[in-house]
Amino acid sequence: MLNEVQIQAIIKGTGYTLIIAVVAVIIGTVFGMLVALGRISHNKILNKVSWIYVWFFRGTPLLLQLFMIYYAMPLIVKDLLGRPFPINPLMACFIAFGLNSTAYMAEFFRAGIESIDKGQLEASKALGMSYNQAMFKIIIPQSYKRLLPSVGNEFIMLIKDTSLASTVAISDLLRTTKTMSSSSGNWIYYVYAACVYLLMTSIIQFGFDKLEKKVGAYE
Amino acid sequence: MKKILALIMIMLLAVGFTGCTSKAKAADPAVPAQEATTNEAAAPEAAPEATPEATTPSEKLVIKVGTDDAYPPFEYHDEATNDLIGFDIDFAKALAEEMGVEIEYVPTAWDGIFNGVNTGQYDMIISCVSITPDRIEGFGMTNPYLSNGIVIVSAADGEQATSIEQLAGKKVGVQLETTADIAAKKFMADGTDITLSQFDSVMEAFAALKGGSIEYILVDSSVGGFYISNDPDSFNITSDLLSNEPIGVCIAKENTALLDKVNTGIKALQDSGKMTEISQKWFSADFATHIDSEIKVIE
């Protein structure tokens, strides 16, 4: 079984995993909504910029984005500005995972918003609401129920994708157990890692199921 | 119902076809390697003193060598041709010629590489493996074939650290699970307050040092020397050797026959001057003979 030092290491690793996933989801939700609105907006510039953003961050691997932010960006800034720009690995993870998650969430939100009957927008306008009021007070709240499965999905995927953080020198859960396993030759540590990941994702799944029921109560 | 059945049948047929063809293709080239490897994979498990035998007199025995192929200048891929090159690769070639065998490399990530030699995935590890008391206990370590020790590498435009004390309160990078990693943790346990970043590969650590995300690296002296010769404006070796841990070949503990053969091979290469030649090629100095084998490690 595990001794105390190992349990502490696993808890620390799980901590990194959780915090990166949580921060990424929060960033993704907030900025994803903005990018989604940009995508459906009639303003040509906003539309194009949002399109390019989603195109780039969905079209390149998360690992590549992480490398670019942690390894390449400091070197580029150093060449351009002459002064060093060291970046904390955890901050690099927050940024990379956040930007990536924003792109995916933007598409979920856009799908959710566009699935709301056009009649709702027309009715809001008929009542004298502006576009923004209609969006934020009527349309978006109605789209919550449709978004929840996708957002839950994204959160669960983020929990697992955080294992990529080991490439920028963060000892997350998977790397911690992998190191324990390779130094002892015992595969049982992988089982522990699987159990912890399953525990986290099950809690998220359960939580989102409850949320869905609550939000969809009136439908 | 009929449609679903038809769909399932088609999928099964497709899977069946692809399964057959890939097996047929894989079978042929695998056969000669299989014969050689099943023989010597069985040998360490069957009897500790059994020597791997060639299956036929004309066929050369294939020895599998595990190596972390992202560790210049010992083993890495040439930027232009992607060939595997390095000091260890030249050494392995010379050793193979001396022993009359063929080498097959098994690229493996460093932080799991020692498992493979115990499970028989490869017969030995030639990957800048430092000889340490722990490894002597757990594995069959050959005689050293290269001098080595840990040094501190500083960024050229930063403070140059000449000793461990100067690392206090600084960001230091190491490759995960190397002797440098163990040394850094020992320094931290002894009270030096180091902010340690552990990288999967040493190349990433140097990239981070260049970018400024870390301030120092603890690494093998030859590796540090190589990065500096490639990029002299960015890095400097700023300390003496902090440890003495010459490099040896790592073999499974029970496989004493292979260990003896490799030791004989190393001695022959050193006597014939081949080791000096390879060392001059990669390090412009002879670190491969007259090796100080008194091991001083930090752990």
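Trainee: Hey, could you go over the packing of helix α4 (residues 89–114) of chain A against helix α6 (residues 131–161) of chain A for me, with residue numbers and the actual values?
Mentor: Residue and element names in this part refer to chain A. Packing of α4 against α6 brings their axes to within 8 Å, and their N-to-C directions diverge by 140°. When the axis of α4 is compared with that of α6, the two are oblique. The crossing of α4 and α6 is right-handed. The residues of α6 that touch α4, namely those facing F97, S101, Y104, M105, F108, F109, G112 and I113, are M135, I139, I140, S143, L147, S150, V151, E154, L158 and D161. Tallied by class, the residues present in the contact of α4 with α6 amount to twelve nonpolar, four polar and two charged.

Trainee: So what about the interface of chain A and chain B? Which residues, and what values?
Mentor: Taken residue by residue, the interface counts 20 residues in chain A and 17 residues in chain B. Together chain A and chain B conceal approximately 1500 Å² of surface at their shared face, both sides included; 46% is due to carbon and sulfur atoms. Linking chain A with chain B are two salt bridges. The partner of A:K78 in a salt bridge is B:D157, and the shortest N-O contact between them spans 3.4 Å.

Trainee: Run through the pattern of salt bridges, naming residues and quoting values.
Mentor: For the coordinates displayed, the defined rule picks out 14 salt bridges over all chains. Salt-bridge contacts for B:D200 lead to A:R175; the nearest nitrogen and oxygen are separated by 2.9 Å. With B:D200 in the loop between β9 (195–199) and α6 (202–211) and A:R175 in helix α7 (residues 173–184), this residue pair bridges two chains. Given a relative accessible area of 4%, A:R175 falls into the buried group.

Trainee: Can you tell me about the packing of aromatic side chains, naming the residues and giving the values?
Mentor: Taken as a whole and assessed by the stated rule, the structure comprises 21 aromatic pairs over all chains. Ring centres 4.9 Å apart and planes at 75° place the aromatic pair A:Y70 and A:Y71 in the edge-to-face group. A:Y70 gets classed as buried once you look at its relative accessible area, which sits at 1%. Given a relative accessible area of 9%, A:Y71 falls into the buried group. The interplanar angle of 35° and the centroid separation of 5.3 Å between the aromatic rings of B:F114 and B:F139 together place this pair among those described as tilted. Of this pair, B:F114 sits in helix α3 (residues 113–119) while B:F139 sits in the loop between α4 (133–138) and β6 (140–141); the two residues are 25 residues apart in sequence, bridging distant segments of the chain. In this pair, the class of B:F114 matches that of B:F139, namely buried.

Trainee: Report on the layout of surface pockets, specifying residues and quantitative values.
Mentor: In this structure, the largest pocket occupies an estimated 1000 Å³ of space. As for the largest pocket, its lining consists of 34 residues, and the residues nearest its centre are A:K12, A:Y16, A:S171, B:L196 and B:Q198. For the lining of the largest pocket, the secondary-structure elements that each account for two or more residues are α1 (4–40), α4 and α7 of chain A together with α5 (179–189) and β9 of chain B. Take the lining of the largest pocket: its biggest share by element is seven residues, from α1(A). By volume, the second largest pocket amounts to about 430 Å³. What lines the second largest pocket is a set of 22 residues, and nearest its centre among them are A:S183, B:F114, B:R135, B:F139 and B:E177. Contributions of two or more residues to the lining of the second largest pocket are made by α7 of chain A together with α3, α4 and α5 of chain B. A breakdown of the residues in the lining of the second largest pocket according to their chemical character gives five nonpolar, ten polar and seven charged.

What counts as what
- Residues numbered from 1 in each chain as written.
- Chains lettered and ligands numbered in written order.
- Predicted model: local features only at pLDDT ≥ 70, side-chain atom pairs only at ≥ 80, totals over all residues.
- Heavy atoms only, no water.
- Axes fitted to C-alpha atoms, helices over the stretch in contact; angles between N-to-C directions.
- Helix = DSSP H or I, 4+ residues; strand = E, 2+ residues; numbered from the N terminus.
- Parallel < 35°, antiparallel > 145°, perpendicular 65-115°, else oblique.
- Left-handed = near helix turned anticlockwise from the far one by under 90°.
- Contact = heavy atoms within 4.5 Å.
- Nonpolar A, V, L, I, M, F, W, Y, C, P; charged D, E, K, R; others polar.
- Buried area = accessible area lost by both parts, 1.4 Å probe.
- Salt bridge = Lys/Arg side-chain N within 4 Å of Asp/Glu carboxyl O.
- Buried < 20%, exposed > 50% of the residue type's maximum accessible area, 1.4 Å probe, protein only.
- Phe/Tyr/Trp six-rings, centres within 6.5 Å; stacked < 30°, edge-to-face > 60°.
- 1 Å grid on protein atoms, 1.4 Å probe; cavity = no way out; pocket = protein on both sides within 12 Å on 5 of 7 lines; lining within 4 Å.
- Points joined across faces, edges and corners; volume = space filled by probe spheres on them.

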